[in-house]
Amino acid sequence: MADEQEIRQLELLCKQLYESQDTAVRADAEKALVVFQDGPDALTKCQVLLDRGDSCYAQLLAATTLTKLVSRSAQGLSLQQRVDIRNYVLNYLATRPKLPNFVVQALVTLFARITKLGWFDTHKEDFVFRNVVSDISKFLQGSVEHCMIGVQLLSQLTCEMNQISEVEANRSLTKHRKIASSFRDTQLFEIFRLSCTLLGTAIENCKNLNFNDENQHGLMTQLLRLAQNCLTFDFIGTSTDESSDDLCTVQIPTSWRPAFLDFTTLKLFFDLYHSLPNTLSSLALSCLVQIASVRRSLFSNTERAKFLTHLVNGVKHILQNPQGLSDSANYHEFCRLLARLKSNYQLGELVMVDNYPEAIQLIAKFTVQSLQMWQFAPNSVHYLLSLWQRMVASVPYVKATEPHLLETYTPEVTNAYITSRLESVAVVVQENLEDPLEDLGMVQQQLEQLSVIGRCEYQKTCTLLVQLFDQAARTYQELMAIPRTSGVVSPTQHVEITVQEGRLTWLVYIIGSAIGGRVSFNSNEEHDTMDGELVCRVLQLMNLTDSRLAQGGCEKLELAMLSFFEQFRKIYVGDQVQKNSKVYRRLSEVLGLNDEATVLSVFIRKIITNLKYWGRSEQIISKTLQLLNDLSVGYSCVRKLVKLEEVQFMLNNHTSEHFPFLGNTVVVTEMRCRSMFYTSLGRLLMVDLGEDEDRFHTFMLPLTASFENIGTMLTAADGPMFASEDAKKALIGLARDLRGLAFSFNTKTSYMMLFDWIYPNYTPILLRAIELWYHDPQVTTPVLKLFAELVQNRSQRLQFDVSSPNGILLFREASKIICSYGSRILNVEVPKEQTYPLKLKGISICFSMLKAALCGSYVNFGVFRLYGDETLDNALNIFVKLLLSIPQSDLLTSLEP
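So, how was this worked out
- Residues numbered from 1 in each chain as written.
- Predicted model: local features only at pLDDT ≥ 70, side-chain atom pairs only at ≥ 80, totals over all residues.
- Heavy atoms only, no water.
- Helix = DSSP H or I, 4+ residues; strand = E, 2+ residues; numbered from the N terminus.
- Buried < 20%, exposed > 50% of the residue type's maximum accessible area, 1.4 Å probe, protein only.
- Contact = heavy atoms within 4.5 Å.
- Areas by Shrake-Rupley, 256 points an atom, 1.4 Å probe, with all protein chains shown as cover.
- Salt bridge = Lys/Arg side-chain N within 4 Å of Asp/Glu carboxyl O.
- Expected span 1.5 Å × (residues − 1).
- Polar contact = N/O pair within 3.5 Å; in protein donor to acceptor, adjacent residues only side chain to side chain.
- pLDDT = per-residue confidence, 0-100.
- Patch = residues over 30% accessible without salt bridge, like charges linked within 9 Å, V, L, I, M, F, W, Y side chains within 5 Å.
- Lys, Arg positive; Asp, Glu negative; His and termini not counted.
- Charge placed at Lys NZ, Arg CZ, Asp CG, Glu CD.
- Phe/Tyr/Trp six-rings, centres within 6.5 Å; stacked < 30°, edge-to-face > 60°.
- Lys NZ or Arg CZ within 6 Å of the ring centre and 35° of its normal.
- Axes fitted to C-alpha atoms, helices over the stretch in contact; angles between N-to-C directions.
- Parallel < 35°, antiparallel > 145°, perpendicular 65-115°, else oblique.
- Left-handed = near helix turned anticlockwise from the far one by under 90°.
- Nonpolar A, V, L, I, M, F, W, Y, C, P; charged D, E, K, R; others polar.
- Core = buried A, V, L, I, M, F, W, Y, C linked by side-chain atoms within 4.5 Å.

Peer 1: Just checking my understanding: could you explain the overall build of the protein for this structure?
Peer 2: Of the regular secondary structure elements, the protein holds 42 helices and two strands. With the principal axes as the frame, the protein shows a C-alpha extent of 90 × 75 × 60 Å. Counting the 897 residues in the protein, one finds 53% classified as buried. Counted over contacts in the protein with a minimum sequence separation of 6, partners at least 24 positions apart contribute 77%. Approximately 40900 Å² of the protein is accessible, and the part contributed by carbon and sulfur atoms is 50%.

Structural data, given as structure tokens:
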């Protein structure tokens with residue numbers, strides 16, 4: 001009686017867990033059920049719950065609990081118990097074919113898990129868990145419901161064998177691969193052939209199937225998924241990243257050759273696509289994507305040519321009957337299939353296909369139509385552009401005499417992409433739609449592909465860009481010249497201006513990518529001349545927009561300009577560039593920019609302008625400083641830069657008065673920008689000053705004034721409550737600035753100038769800041785990172801003279817900081833969810849600082865104990881205390897990749 005009541009209570013708890021609207025009731029039910037799952041009699045009660053069958057939720061609980069029980073290695077079940085559970089599950093499913101789907105799935109998962117974990121278990125030299133197909137074939141001979149369950153069992157088992165469960169992640173990966181390999185060699189091909197046989201039977205009886213019937217539709221879904229799971233199996237244990245599926249090769253075993261050599265398998269899935277409704281046909285296309293990716297070495301050259309011919313003919317047939325491609329899932333999978341044509345086959349092989357001219361024409365037409373429908377499935381465009389990018393990149397290596405026809409169709413693709421993006425702007429603005437330009441990651445990915453595509457027949461690309469750019473720039477200039485009533489733009493004018501700015505934004509991005517494509521394709525002087533035409537137009541537009549920044553500007557257009565400058569810098573600025581390039585000739589003729597130095601001055605003027613006017617835009621400031629950082633990396637480029645008046649202006653006027661973003665100490669990302677700014681200035685300064693200490697101190701005057709002002713305020717403060725908030729904000733920015741300088745000063749001379757400046761005058765101020773605001777990571781993080789940078793012996797910059805005490809003095813200051821912060825943060829209690837930002841982050845920086853100091857080889861640590869100095873002992877002691885204060889779970893989390 002007590003057991004009966006307990007079982008009913010479990011059923012009630014399950015109902016509460018899955019149906020109750022009260023979160024407290026659900027939480028209590030969940031706790032009680034967790035206790036049940038960990039109980040010693042869980043196995044027996046699970047069987048009772050399943051046998052009663054009164055509650056589907058109780059059945060779900062029983063199935064998931066049994067799955068957990070068989071997955072545990074510590075309290076493992078006996079072999080006979082596991083065999084009994086397996087047989088019980090199969091019998092249960094056979095006698096109850098109309099269970100709810102979630103219960104069936106839970107039981108199927110249990111069967112797959114117990115089969116996998118017992119794969120090598122034997123009884124009287126018989127592998128008791130391997131008679132999978134024979135046991136499940138009984139289901140396949142029954143009703144539609146039975147057949148669907150049988151297919152689900154095979155499909156889930158294939159998935160289970162192919163993936164590492166959470167339980168197995170803590171066990172041996174070798175054991176997982178051993179089981180997966182055995183399953184692949186003994187069962188997988190038979191399962192795949194079985195799925196193809198069943199699918200072939202379905203095709204033959206397609207006219208008699210009613211796909212509006214839930215069971216028949218479900219059976220076809222499960223069959224297609226079974227075939228897909230077989231084809232996506234990790235055959236060689238590479239665990240490929242699904243996000244890079246366009247590069248994937250399916251490593252089909254050699255024993256599978258018969259299934260692909262007679263082409264019936266290929267034809268089967270093309271027939272399935274044409275015969276099935278849209279709700280199912282995308283799965284057939286997904287299988288075709290995998291079949292098209294079969295490794296090249298599976299075939300001989302002749303066999304591969306025949307296979308490719310059948311594949312291209314199948315693709316051509318779909319393009320000739322494109323009705324199904326109106327479904328977004330079908331469209332996406334078909335785009336993936338097209339991409340696989342080039343990722344797995346060479347252009348020289350494609351052009352040898354009998355119907356190649358017709359096929360490439362249809363593919364080009366499909367691509368153009370797809371690009372014009374820019375709102376439909378935008379995430380699929382990547383695959384189409386990938387196909388054309390790879391074909392164009394392969395042109396120089398084609399040895400076949402047959403024409404590839406890319407010079408005919410590639411310009412159509414380029415034209416379609418450019419014009420469709422421009423036409424999208426008006427629609428986005430007028431209908432207030434989501435702007436594709438907001439997704440810069442996707443835009444950059446597409447532009448990288450277009451940069452290669454557009455270089456094919458580059459003259460046509462440039463002619464189109466010049467025509468469209470001149471038209472848009474002329475219209476924009478006319479709009480900006482229209483007199484405004486009381487200085488206010490009318491709503492109609494505002495829309496027109498926004499549209500033209502959007503069009504120019506796309507054009508500037510595309511021009512930048514076209515120039516960046518020079519390295520990816522065979523270039524010549526004529527192409528450089530065309531690049532010069534494009535560059536001149538963008539720089540002229542920049543002059544126009546910059547002249548109006550005082551009245552406001554377009555953030556997206558500015559970001560496009562910065563992208564353009566980055567591409568131009570990579571190709572035409574640096575040691576590897578020919579100074580007699582026709583790009584520079586055209587710049588000289590049109591804009592008077594005679595050499596690389598004058599072009600660099602344009603770069604720096606643009607950087608200064610952005611830093612002056614765009615302090616409110618984190619993106620623009622960040623990307624502008626990234627451009628400055630990239631320019632300051634090359635040594636020969638830096639030597640040219642320091643001779644420019646614009647650079648001298650930056651070195652002499654690095655204050656918030658001239659660069660307003662330096663005065664903004666609120667936004668975290670802008671604080672990172674400060675460090676990047678001073679890193680770049682530091683590289684320039686290091687070349688400019690040589691060994692001139694007076695020049696260094698002149699540069700440091702603004703920072704010196706800030707430090708002395710902060711020092712005065714902190715000295716008078718008795719605690720954080722009395723310390724000025726202004727001093728706190730200025731200190732945060734100052735620590736970022738100095739960290740940037742410390743990072744860039746990688747020579748002994750420049751580093752020693754900085755060290756002599758900061759020690760002993762200003763290190764006490766930083767120590768005082770740690771004492772006052774140890775609990776505030778906004779202060780401690782930049783200060784600790786500054787010291788972590790100072791103790792880094794980068795490029796052997798800390799090789800002090802034998803008689804110099806500087807190494808010991810530097811370590812002593814670092815030890816003070818570590819001990820001051822560590823001793824205080826140990827006593828700070830923080831919410832668990834805030835442990836890392838408020839506590840562990842600072843501790844980890846201290847650890848990094850100590851490691852860098854101990855490994856720097858610039859301190860003789862034996863000196864400390866010899867002279868009774870406790871600096872080293874204090875640092876090590878606080879390190880141990882900090883380490884012991886960190887929970888083991890947090891340490892393990894930090895070690896995860």
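Peer 1: Explain the pattern of salt bridges here, please?
Peer 2: Between side chains of opposite charge, a pair can form as their charged atoms come close. Overall, the coordinates contain 37 salt bridges when judged by the stated rule. Two residues, Glu 533 and Arg 586, come together in a salt bridge whose shortest N-O distance is 2.7 Å. Residue Glu 533 is located in helix H24 (residues 525-546), and its partner Arg 586 is located in helix H26 (residues 582-591); the two are separated by 53 residues in the primary sequence. Glu 533 gets classed as partly exposed once you look at its relative accessible area, which sits at 23%. Residue classification places Arg 586 among the partly exposed positions, given a relative accessible area of 24%.

Peer 1: Any chance you could explain helix H25 (residues 555-572) here in plain terms?
Peer 2: Three or four residues apart is the spacing at which side chains of an α-helix point the same way, because the helix has 3.6 residues per turn. Taking 1.5 Å per residue as the helical rise, H25 with its 18 residues ought to reach 26 Å, and the 25 Å between its terminal C-alpha atoms agrees with that figure. With 15 of 18 residues buried, H25 lies mostly within the body of the structure. Directly after H25, the chain includes Gly 574, whose backbone phi takes a positive value near 135°.

Peer 1: I tried to follow helix H4 (residues 56-71) on my own but got confused; where do I start?
Peer 2: In a regular helix each residue adds 1.5 Å, so 16 residues correspond to 22 Å; H4 covers 23 Å between its end C-alpha atoms and thus fits that length. A large share of H4 lies buried, amounting to 13 of its 16 residues. A side-chain oxygen of the first residue of H4 lies 3.3 Å from the backbone nitrogen of Tyr 57; this N-cap is Ser 55.

Peer 1: Just to check I follow, could you spell out the confidence of the model for the protein for this structure?
Peer 2: The predicted structure's coordinates, where accompanied by low pLDDT, should not be read in detail. Averaged over every residue, the pLDDT of the protein is 88; residues scoring 70 or more account for 94%. The least confident element of the protein is helix H9 (residues 166-169), whose mean pLDDT is 59; the most confident is helix H18 (residues 356-372), at 96.

Peer 1: Looking at this structure, how should I read the environment of Glu 19?
Peer 2: Tracing the backbone shows Glu 19 in helix H1 (residues 2-19). Residue Glu 19 is classed as partly exposed on the basis of its relative accessible area of 39%. Once the C-alpha coordinates of Glu 19 and Tyr 57 are considered, the two residues, 38 residues apart in sequence, prove to be 9.6 Å apart.

Peer 1: Hey, could you run me through a negative patch on the surface in this one?
Peer 2: Taken together, Glu 691, Asp 692, Glu 693, Asp 694 and Asp 756 make up a surface patch of like negative charges. Glu 693 gets classed as partly exposed once you look at its relative accessible area, which sits at 48%.

Peer 1: What's the story with the packing of aromatic side chains in this structure? I'm lost.
Peer 2: Two measures describe an aromatic ring pair: the distance that separates the ring centres and the angle between the ring planes. Taken as a whole and assessed by the stated rule, the structure comprises 36 aromatic pairs. Taken together, a centroid distance of 6.4 Å and an interplanar angle of 65° make the contact between Phe 649 and Phe 659 edge-to-face. Here the residue Phe 649 occupies a position in helix H30 (residues 645-652), and Phe 659 occupies one in the loop between H30 and helix H31 (668-689), the gap between them amounting to 10 residues. Residue classification places Phe 649 among the partly exposed positions, given a relative accessible area of 31%. Residues Phe 661 and Phe 677 carry aromatic rings whose centres are separated by 5.5 Å and whose planes lie at 80° to one another, so their mutual orientation is edge-to-face. Note that Phe 661 is positioned in the loop between H30 and H31 and Phe 677 in helix H31, a separation of 16 residues in sequence. Residues Phe 661 and Phe 677 agree in their burial class; the two are buried. Through successive ring pairs, a cluster of aromatic residues spans Trp 119, Phe 183, Phe 189, Phe 192, Phe 233, Phe 235, Trp 256 and Phe 260. Between Lys 178 and the ring centre of Phe 120, over which it is positioned, the NZ or CZ distance is 5.2 Å. Above the plane of the ring of Tyr 417 lies Arg 421, whose end atom (NZ or CZ) is 4.6 Å from the centre.

Peer 1: Would you explain the packing of helix H2 (residues 23-37) against H4 in this entry?
Peer 2: Packed helices, taken two at a time, are described by the angle their axes make and the gap between the axes. Here H2 crosses H4 at 45°, and the two axes come no closer than 10 Å. Here H4 runs oblique to H2, going by the angle between their axes. Considering how the two elements wind past one another, H2 and H4 form a crossing that is right-handed. Counting all contacts with H2, which are made through Leu 33, Phe 36 and Gln 37, the residues of H4 involved are Leu 61, Thr 64, Thr 65, Lys 68 and Leu 69. Residues belonging to the contact of H2 with H4 are distributed by class as follows: four nonpolar, three polar and one charged.

Peer 1: How should the nonpolar core be read in this particular structure?
Peer 2: Among soluble globular proteins, nonpolar side chains are generally buried collectively. Judged by nonpolar contacts, the single largest core of 299 residues is most densely connected at Phe 260, Trp 388, Phe 677 and Leu 738. Here this core gets 12 residues from one element, more than from any other, and that element is helix H22 (residues 458-481). Setting aside residues up to four positions removed in sequence, Phe 677 forms contacts with Leu 611, Leu 625, Leu 628, Met 650, His 654, Phe 659, Phe 661 and Leu 662.

Peer 1: For this particular structure, what's the right way to read the side chain of Asp 528?
Peer 2: Within the element layout of this structure, Asp 528 appears in helix H24. A polar atom in the side chain of Asp 528 sits 3.0 Å from the side chain of Tyr 572. If we ignore the near neighbours within four places in the chain, the residues touching Asp 528 are Arg 518, Tyr 572, Ser 581, Lys 582 and Val 583.

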